[in-house]
Amino acid sequence: METEILWGKELARKTIERVAQEVAALQARAGRPPGLAVILVGKDPASQIYVSHKERACKQAGIRSLSRRLPATTSMEEMLALIHRLNGDEKVDGILVQLPLPPHLDPSSIIEAIDPTKDVDGFHPLNMGKLALGEEGMVPCTPKGVMALLDHYGIPVEGREVVVVGASNIVGKPLSLLLVNRMATVSVCHIKTRDISLYTSKAEILFTATGVAHLIKREMVARGAVVFDIGISRMGDKIVGDADFHGLQGWAKAITPVPGGVGPMTVAMLMVNTLEAYKKRLEMVP
Ligand code: GUN
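Residues numbered from 1 in each chain as written. Predicted model: local features only at pLDDT ≥ 70, side-chain atom pairs only at ≥ 80, totals over all residues. Heavy atoms only, no water.

## Focus: the overall build of the protein
So, point 1. Within the protein, the regular secondary structure consists of nine helices and 12 strands.
So, point 2. Here the protein has a C-alpha radius of gyration of 19 Å; the compact-globule value for 286 residues is 19 Å, and the two agree.
So, point 3. C-alpha extents for the protein along the principal axes are approximately 55 × 40 × 40 Å.
So, point 4. Expressed as a percentage of the 286 residues in the protein, the buried residues total 48%.
So, point 5. Taking as baseline every contact in the protein between residues at least 6 positions apart, the subset at least 24 positions apart corresponds to 72%.
So, point 6. Carbon and sulfur atoms form 56% of the exposed surface of the protein, whose accessible area is close to 13700 Å².
So, point 7. Charged side chains in the protein number 33 positive and 31 negative. The centres of these two groups are separated by 4 Å. (Helix = DSSP H or I, 4+ residues; strand = E, 2+ residues; numbered from the N terminus. Rg over C-alpha atoms; globule rule 2.2 N^0.38 Å. Buried < 20%, exposed > 50% of the residue type's maximum accessible area, 1.4 Å probe, protein only. Contact = heavy atoms within 4.5 Å. Areas by Shrake-Rupley, 256 points an atom, 1.4 Å probe, with all protein chains shown as cover. Lys, Arg positive; Asp, Glu negative; His and termini not counted. Charge placed at Lys NZ, Arg CZ, Asp CG, Glu CD.)

## Focus on helix H5 (residues 125–132)
So, point 1. Here H5 has its buried residues at Asn-127, Met-128 and Leu-131. An end-on view of H5 places all buried positions within 100° of arc, on one side of the element.
So, point 2. Buried-residue contacts for H5 involve helix H7 (172–181).
So, point 3. Of the residues trailing H5, Gly-134 is marked for its positive phi of about 80°. (Arc of directions from axis to C-beta.)

## So, the nonpolar core
So, point 1. Formed by 54 residues in total, the largest nonpolar core has its most connected members in Leu-150, Leu-179, Phe-207, Phe-228 and Met-271.
So, point 2. A total of 12 residues in this core trace back to one element, the largest contributor, which is helix H9 (residues 262–284).
So, point 3. Ala-37, Met-76, Met-79 and Ile-114 belong to the second-largest nonpolar core, a separate cluster that totals 17 residues. (Core = buried A, V, L, I, M, F, W, Y, C linked by side-chain atoms within 4.5 Å.)

## Structural notes on helix H2 (residues 45–61)
So, point 1. In a regular helix each residue adds 1.5 Å, so 17 residues correspond to 24 Å; H2 covers 25 Å between its end C-alpha atoms and thus fits that length.
So, point 2. Those residues of H2 that fall on the buried side of the exposure criterion are Ser-47, Val-51, Lys-54, Ala-57, Cys-58 and Ala-61. The buried residues of H2 all sit within an arc of 120° when viewed along its axis, so they share a single face. In H2, those exposed residues whose orientation departs by more than 90 degrees from the buried face are Pro-45, Arg-56 and Lys-59.
So, point 3. The elements touched by buried residues of H2 are helix H1 (8–30), strand E2 (35–41), strand E3 (64–65), strand E4 (68–70), strand E5 (94–97) and H9.
So, point 4. Looking at the residues trailing H2, positive phi occurs at Gly-62, about 75°. (Expected span 1.5 Å × (residues − 1).)

## What about the site of the ligand?
So, point 1. Taken together, the residues surrounding the ligand are Leu-96, Val-97, Gln-98, Leu-99, Asp-121 and Phe-123.
So, point 2. Between the ligand and Val-97, the relevant distance is 2.8 Å, taken from a nitrogen atom to a main-chain nitrogen or oxygen of the residue.
So, point 3. In this structure, Leu-99 approaches the ligand through a main-chain N or O atom, which is 3.0 Å from a nitrogen atom.
So, point 4. Contact with the protein chains removes 84% of the 280 Å² of surface that the ligand exposes when unbound. (Near = heavy atom within 4 Å. Polar contact = N/O pair within 3.5 Å; in protein donor to acceptor, adjacent residues only side chain to side chain.)

## Focus: the sheet that holds strand E1 (residues 4–5)
So, point 1. The six strands are arranged E1-E12-E9-E8-E6-E7 in an open sheet whose pairing can be described as parallel. The sheet is open, and its two edges are formed by E1 and strand E7 (185–189), each paired on a single side. (Pairing = 2+ DSSP bridges.)

## Quick look at the packing of H5 against H7
So, point 1. For the pair H5 and H7, the least separation of the axes is 9 Å and the interaxial angle reads 35°. Between H5, through Met-128, Leu-131 and Ala-132, and H7, the contact on the second element is made entirely by Pro-174, Leu-177, Leu-178 and Asn-181.
So, point 2. Split by residue class, the contact of H5 with H7 holds six nonpolar, one polar and no charged. (Axes fitted to C-alpha atoms, helices over the stretch in contact; angles between N-to-C directions. Nonpolar A, V, L, I, M, F, W, Y, C, P; charged D, E, K, R; others polar.)

## Here we look at the pattern of salt bridges
So, point 1. Taken as a whole and judged by the stated rule, the model has nine salt bridges.
So, point 2. A salt bridge links Arg-13 to Glu-10, with the shortest nitrogen-to-oxygen separation between them at 2.6 Å. One end of the pair, Arg-13, and the other, Glu-10, are both in helix H1, three residues apart, so they sit about a helical turn from each other.
So, point 3. A salt bridge links Lys-279 to Glu-22, with the shortest nitrogen-to-oxygen separation between them at 2.3 Å. Separated by 257 residues along the polypeptide, Lys-279 in helix H9 and Glu-22 in helix H1 bring together distant segments of the chain. (Salt bridge = Lys/Arg side-chain N within 4 Å of Asp/Glu carboxyl O.)

Here it is as structure tokens:
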């Protein structure tokens, strides 16, 4: 069996191109481009790379990027004051606080302070609540990117046995909800699951988002399954996913590579969410 490679990189490029065209068309009427404020606190090396990818995508999409790089010593009061300022700034359509934050900053209170209509990460309790109710306001970028890849490659989920490994607030939980909303039969595995093989080996579509390098090996996957690898970790000097990509060649029906799979889709969906927030804001002003 030839294993199909599901390239997110290519779809992400096309998606950002489409956002750029729409931004160009709207901009004249709006009198301003969309604005995205990315807040990075401290010097976490992975976060610095992610934020630079987001800035590059903004440039490609014609979105004005208003990044704030703050010292690791930034206080809770300073963070909340900044968010309130950005909430009230008419030129800002999207606000994103890069996670993880330094331990003295409480991410829940910070995320709750963001205006839900500017919450382009979709992490605000109102947006997460809508997702749970099947209303889908602003949807978190990585799960949204996974759904876009499923649609692009024509992989249906309705009625399928699907398994999500990882139950994080950023990926596993919102992805599970999106899949339930699409009428998949969803099992969620996590750190306390006694035997994840029991579940993964039954999956028609397997989604893994743990950050444990090569956790998912061939013997844990059903022959002909589709594997979405949403994990990212370092192995020596290489970036690898949760799945043993090479071991699954000739076994899985299709697989997303790391890098070049889901990762670029996350950034592309951030551009889509910012465009959506911008369009809603334009409707609000006469
Ligand atoms: N850290 C890892 N993934 C994400 C994400 O999607 N959004 C934010 N804000 N931080 C992250």
